[in-house]
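Working through the structure, step by step
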Amino acid sequence: MVFERQKEAFFAQSAQKQLVAASGSQYSCEVGSGKFYGLCAFGGLLSCGLTHTLVVPLDLVKCRIQVNPDKYKSLGNGFKVSVAEGGMKALSLGWAPTLVGYSMQGIGKFGFYEAFKNFYGGLMGEENAFLYRTTMYLAASASAEFFADIFLCPMESVKVRIQTTPGWEQTLRAGAPRIMREEGINGFYKGLAPLWARQIPYTMMKFACFERTVELLYKYVVPKPRSDCGKGEQLMVTFIAGYIAGVFCAIVSHPADSIVSKLNANPGGGVVSAAKELGLAGCWKGLGPRIIMIGTLTALQWFIYDSVKVAFRLPRPPPPEMPESLKRKLAAAQ
């Protein structure tokens, strides 16, 4: 399968199609091992938890623009009104559910992605996994995000209410028990369907666009092979590809993000009523701040994730190459 060829190229060993044991002196584990997936999940925890918490002020203003555009008219105005009403401290509202929720989401997003990518690649076979690798990236990322959002949804519900509901609780410690007391467990998961609608397309774009952009950068932009690039150069390519992917992520997932914000800010409403209340134009309110936020977030997430792989000496296979068997078939057909 395609991952076997990646590992063969990565370790510069013979072209045997099997899991290749990493060198004990250079790499800490095998691709596909439990330790590999565990450390990938840890990298996801750090990359998502830290970056989303870092941009809480921007996220707060973005959510308020979506929920109450008459009051918060723009990014600059949103910051100004928020600070005027609650001081600088108001910009940190929702940091605790953000840290907990997106850390849990990161475990599922990155850890499960690696597992599903390997699994689907094995089902497809080496040649098809190369030919239809974009489809494989899309399927693996969608599968991973399905579970990641189940981890995220309770904390996202608390976060949005803290940030957008005047007079509501201002801490996770007070907010989570209140939802449970007033609405039961359904209060934490009522936004799951629109969260899937937002996050699954977002993550599909995030991973597929990133993977293919890395390929294109090394093929057409970087003036030397990846194997000749230092770790710093490779991480810079990771950051650039991540930012490009982030811009597309923000665009495809923004209408659903607006509905999630509106739904959590109005506990008595439903998905359809929230969409009708927002209207077509309202679904795109706050897109500018979200492009800035998601572009930066995605670039930093990939940078942190790849840095964790470097720090823990995890195998980092190069971009996929056409299998020799497929090259021979194409040559024979000419």
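What follows concerns the overall build of the chain. Secondary structure summary: the chain contains 14 helices and zero strands in total. Sequence-ordered secondary structure for the chain, helices as α and strands as β, is α-α-α-α-α-α-α-α-α-α-α-α-α-α. Counting only C-alpha atoms and orienting by the principal axes, one finds that the chain spans roughly 70 × 40 × 35 Å. If you take every contact in the chain between residues at least 6 apart in sequence, the share linking residues at least 24 apart comes to 77%. Charged side chains in the chain number 36 positive and 24 negative. The centres of these two groups are separated by 4 Å.

Here the focus is the pattern of salt bridges. The tally for this structure, following the rule as stated, stands at 16 salt bridges. With a closest N to O distance of 3.3 Å, Arg-198 and Glu-156 form a salt bridge. Of this pair, Arg-198 sits in helix α10 (residues 192–221) while Glu-156 is found in helix α7 (residues 133–164), placing the two residues 42 residues apart along the sequence. Accessibility assignment for this pair places Arg-198 and Glu-156 in one class, buried. One salt-bridge network, held together by shared partners, links Asp-59, Lys-62 and Lys-159.

Taking 1.5 Å per residue, 12 residues should reach 16 Å; helix α3 (residues 56–67) reaches 16 Å between its end C-alpha atoms and fits that length. Most of α3 sits out of view: 11 of its 12 residues are buried. Turning to α3, its buried residues are Val-56, Leu-58, Asp-59, Leu-60, Val-61, Lys-62, Cys-63, Arg-64, Ile-65, Gln-66 and Val-67.

The next thing to look at is the state of the cysteines. Under the definition given, this model contains zero disulfides. Just so you know, Cys-209 is unpaired, no disulfide at all, and the nearest cysteine sulfur is the one on Cys-249, 6.9 Å from it. Not part of a disulfide, Cys-229 finds its nearest cysteine sulfur in Cys-209, a span of 20 Å. Residue class for Cys-229 comes out buried when judged on its relative accessible area of 9%.

Let us look at the nonpolar core. Grouped together as the largest cluster of nonpolar side chains are 29 residues, with contacts concentrated most on Phe-36, Phe-110, Tyr-113, Phe-210, Tyr-218, Trp-302 and Leu-314. Take this core: its biggest share by element is seven residues, from α10. Excluding anything up to four places from it in sequence, Leu-314 contacts Tyr-27, Ser-28, Cys-29, Phe-36, Leu-39, Cys-40 and Lys-309. In this structure, Val-81, Ala-96, Ile-162 and Ala-176 belong to the second largest nonpolar core, which totals 17 residues.

Right, let's get into helix α12 (residues 271–282). The end-to-end C-alpha separation of α12 is 14 Å, well short of the 16 Å expected for 12 residues at 1.5 Å each. Inspection of α12 places Ala-274, Leu-278 and Gly-282 among the buried residues, and these make up the whole buried set. Angular distribution of buried residues about the axis of α12 spans 25°; they occupy a single face of the element. In this structure, α12 carries Val-272, Lys-276 and Leu-280 as exposed residues pointing more than 90 degrees from its buried face.

The rules behind the values
Counting from 1, residues in each chain are numbered in the order their sequence is written. Local features in this predicted model are restricted to residues of pLDDT 70 or higher, and side-chain atom pairs are both shown and tallied only at a pLDDT of 80 or more, whereas totals for entire chains, interfaces and linings draw on every residue. Derived side-chain values reflect all non-hydrogen atoms in the structure, with water molecules and hydrogen atoms excluded from consideration. By the criteria applied, helices consist of DSSP H or I runs no shorter than four residues and strands consist of E runs no shorter than two, each listed in order from the N terminus. Any two residues whose heavy atoms approach within 4.5 Å at even a single point are treated as in contact. Neither His nor the chain ends contribute to the count of charged residues, in which Lys and Arg are positive and Asp and Glu negative. Here the site of a charge means atom NZ of a Lys, CZ of an Arg, CG of an Asp or CD of a Glu. By definition, a salt bridge exists where a carboxyl oxygen of Asp or Glu is found within 4 Å of a side-chain nitrogen of Lys or Arg. Three labels apply to residues, based on accessible area from a 1.4 Å probe with only protein chains included: buried if under 20% of the type maximum, exposed if over 50%, partly exposed otherwise in between. One less than the residue count of a helix, multiplied by 1.5 Å, gives the span that helix is expected to have. Cysteine sulfur atoms that pair up within 2.5 Å are treated as a disulfide. Note on terminology: a nonpolar core comprises buried Ala, Val, Leu, Ile, Met, Phe, Trp, Tyr and Cys residues joined through side-chain atoms within 4.5 Å. Working definition: the arc comes from the directions between the helix axis and the C-beta atoms, pointing outward to the latter.

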